[in-house]
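Read off the chains here:
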Amino acid sequence: MILSIASGKGGTGKTLLATNLALALSSKARVQLLDCDVEEPNDNLFLRLPVSYSQFVYIPIPKVDETKCNYCGKCSEVCVYNAIAVLPQKVLVFPELCHGCGACSYLCPEVAIVEEGKPVGVVEKGSLGNLELVQGKLNVGEVMAPPIIRAVKKYIDAKSEIIIDVSPGTSCPVVEAVEGSDFCLLVTEPTPFGLNDLSLAVEVTKEIGVPCGVVINRAGMAEGETERYCREHDVPILLKIPLDREIAVLYSKGIPLVQGMPQWREAFLGLFENIAARVGRGKMPEGSGEGKDRQ
Amino acid sequence: MKELVVLSGKGGTGKTSVVASFAALAENIVLVDCDVDAADLHLVLSPRIEKENEFWSGEVAYIDGEECNECGLCQKLCRFDAIKDFKVDPIACEGCGFCAQICPVGAVDMCQNMAGHWFVSYTKYGTLVHARLGIAQENSGKLVSVVRQQAKLIAEKENAEHILSDGPPGIGCPVISSLSGADVALVVTEPTLSGIHDLERVLGVCHHFGIPSAVCINKYDLNEENSRRIQDYCSSHGIEVAGRIPFDEVVIKALVQRLPVVEYSPGCSVAREIEKVWQFVAR
Ligand code: SF4
Ligand code: SF4
Ligand code: SF4
Ligand code: SF4
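Residues numbered from 1 in each chain as written. Chains lettered and ligands numbered in written order. Predicted model: local features only at pLDDT ≥ 70, side-chain atom pairs only at ≥ 80, totals over all residues. Heavy atoms only, no water.

A. Molecular detail of the overall build of chain B. Within chain B one finds eleven helices and eleven strands. Each principal axis of the C-alpha atoms in chain B carries an extent, and together these give about 70 × 40 × 35 Å. Counting over 283 residues, chain B shows a buried share of 60%. Sequence-distant contacts in chain B: of pairs separated by 6 or more residues, those separated by 24 or more amount to 76%. Of the accessible surface of chain B, which amounts to about 11400 Å², a share of 46% is contributed by carbon and sulfur atoms. (Helix = DSSP H or I, 4+ residues; strand = E, 2+ residues; numbered from the N terminus. Buried < 20%, exposed > 50% of the residue type's maximum accessible area, 1.4 Å probe, protein only. Contact = heavy atoms within 4.5 Å. Areas by Shrake-Rupley, 256 points an atom, 1.4 Å probe, with all protein chains shown as cover.)

B. Looking closely at the pairing of strand 10 (residues 213–218) of chain B. Residue and element names in this part refer to chain B. Most of strand 10 is tucked away, with six of its six residues classed as buried. Burial of strand 10 is two-sided: the residues Ser213, Val215 and Ile217 facing one way and the residues Ala214, Cys216 and Asn218 facing the other way are all buried. As paired strands, strand 9 (residues 184–189) and strand 10 are joined by five bridges and run parallel to one another. In the strand pairing of strand 10, valine 187 is matched with valine 215. (Pairing = 2+ DSSP bridges.)

C. The arrangement of the sheet that holds strand 9 (residues 183–188) of chain A in detail. Residue and element names in this part refer to chain A. If you walk across this open sheet you meet the nine strands as 3-6-7-2-8-1-9-10-11, and the pairing is mixed. Every interior strand has two partners, whereas the edge strands, strand 3 (51–64) and strand 11 (237–242), have only one. Across the sheet, the mean angle separating the axes of adjacent strands is 20° when strand polarity is ignored. As judged from the five bridges shared by strand 9 and strand 10 (residues 212–219), these two strands associate in the parallel manner. (Axes fitted to C-alpha atoms, helices over the stretch in contact; angles between N-to-C directions.)

D. Local environment of the site of ligand 4. With respect to spatial proximity, 13 residues lie near ligand 4, and among them Cys78(B), Cys93(B), Cys96(B), Gly97(B) and Cys99(B) are the closest. Looking at the shell around ligand 4 residue by residue, the classes come out as ten nonpolar, two polar and one charged. (Near = heavy atom within 4 Å. Nonpolar A, V, L, I, M, F, W, Y, C, P; charged D, E, K, R; others polar.)

E. Seen up close, the sheet that holds strand 3 (residues 48–63) of chain B. Residues and elements named next belong to chain B. With respect to topology, nine strands assemble into an open sheet ordered 3-6-7-2-8-1-9-10-11, the strand pairing being mixed. The open sheet is flanked by strand 3 and strand 11 (240–245), the only strands paired with a single partner. Between one strand axis and the next, the sheet turns by 20° as a mean value, whatever way the strands run. Note: strand 10 against strand 11, five bridges, orientation parallel. Among the inter-strand pairings, cysteine 216 is bridged to a residue of strand 11, identified as glycine 243.

F. Looking closely at the environment of Ala6(A). All names here are of chain A. Along the chain, the position of alanine 6 falls in strand 1 (residues 2–6). Assessed through its relative accessible area of 5%, alanine 6 is described here as buried. With 103 residues separating them along the chain, alanine 6 and proline 109 place their C-alpha atoms 45 Å apart.

G. Representation of the domain arrangement of chain A. According to the domain assignment, chain A contains domain 1 (2–57 + 121–279) and domain 2 (66–111). For domain 1 of chain A and domain 2 of chain A, the distance between their C-alpha centres works out to 40 Å. (Domains from an automatic or database assignment.)

H. Just the pattern of salt bridges, in detail. In total, this model carries 19 salt bridges over all chains according to the counting rule given. Residue Lys14(A) is joined to Asp37(A) by a salt bridge in which the shortest nitrogen-to-oxygen separation is 3.4 Å. Of this pair, Lys14(A) sits in helix 1 (residues 14–25) while Asp37(A) sits in the loop between strand 2 (31–35) and helix 2 (43–47); the two residues are 23 residues apart in sequence, bridging distant segments of the chain. Across the pair, Asp37(A) and Lys14(A) agree in class, each one buried. Across the pair Glu115(A) and Arg79(B) runs a salt bridge whose closest N-O atoms are separated by 2.8 Å. Taken together, the positions of Glu115(A) in strand 6 (residues 113–128) and Arg79(B) in the loop between helix 3 (73–77) and strand 4 (83–84) put the pair across two chains. Since its relative accessible area comes to 32%, Glu115(A) is described here as partly exposed. (Salt bridge = Lys/Arg side-chain N within 4 Å of Asp/Glu carboxyl O.)

Quick look at the structure:
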């Protein structure tokens, strides 16, 4: 199963959920955790797996051979991103604007353009026992997150259970990461911000056509509105994690919840089984469909 | 006029709460919400929308099934795997126009894409420019540029002293758009390992673009050892720590009431520290 973990709002506990789910599950199955939050990949701060493999991600950008170029201007005409400009005696490429679409090199009548790779980030891998982590990292100052997310997803190993940690928000990188998942877990917190962003995230999963469920983090204060929203929109609440100083302190130290408070292991395993049943995988537990409440 | 951008790298550090309080403390400001992906500032500032505008950006390819002879060339060449079975997936399409250029029978049209809305609103703290990017849309960086540009025009007209901008999370394209040419960046962080990690990355972006930055540690007493690490990191990089806000439920309570902390509980320790930070960055 491919399970993606997203949240409209950042800092709601996506990393907490992804890492703990992966750790709990890895005691039973092979698990691959893909950290697709390539702007801020944080999963390995908790897992601390040794990185054993690292590969640059490139996007192809044009390079003009000026001995062949006759400055006809075709390349700049076809580039919708204004990433290539033709002057009377010079062709200028602006790598930071180029999306690597390949139109200019294909359409250059003089075959004067070749493509060369420009590194925009890296993909790293590490593993321990049953758990493998693949993480993408965007270079500081770069803007093209989707190619890195695509590169991370190329490593998907269909024989494992896959957990994808998605970047916050609702735009292109989120869609790129969530697409192709069997289920998307949305992590939220019971504040007006959390609810606003949750409703956006629910819309995104609807748009992509991936079923979703909700985990409420820092619960226990005021989740009435969030619960009402979920009821009205027919989105199941699958787990609640209470607002608790001990949990917050463990998190701040980078200690996974399932290690610092092992009683949580069952809750995460139960969450996974519940989702597996929902997407029609594995056995359907008795009386499933009701959310799990843990205090 | 001075433009201040509040960033966080990692989401959920309390950035928007800090901005809302700044809004209440400042006089004569224009506010911008540059987090166009998940705009939240309006939830605390209760704006009245005065002007709503469409944001058109980019194009999406569309294949006319009548004209297409299914030669498959576009599918082969599209670098973004956006064409399957001679149909364009508008979510995957990057609008590069390559397919329209090469289709031998001219079956591909590029259509304008309405990517969201932006608003100019009245709030009791000052004019707010905010936006809402359409679901699954790209170009959030461009929309950020649009709202910032509008805010600048309004600030000039109103002769405002400050533009206060609630920045997007992360370090990518929208952050860079919200930062370029700003006068100062304040990074709100928290003393968690991920907070520190992301703080370093976002300060790297500020440095890369030559924007002077300062740091505010939120919930500093959650892990004082990490807070010290942040302070050490900042002092060794010549970055000022403008304030340390304690962990207090009053922040969430204020949020639930949809009020800035400095108004919900003026004089509490959180409010006093935020005031201190505001004095520092407004200088
Ligand atoms: S299309 Fe080719 S020949 Fe024409 S200006 Fe560009 S590089 Fe030169
Ligand atoms: S590869 Fe595409 S985006 Fe890059 S310069 Fe060429 S036409 Fe423009
Ligand atoms: S290139 Fe044109 S004719 Fe060929 S499959 Fe694409 S749309 Fe159809
Ligand atoms: S416009 Fe570009 S991305 Fe969109 S379908 Fe055509 S070739 Fe693919």
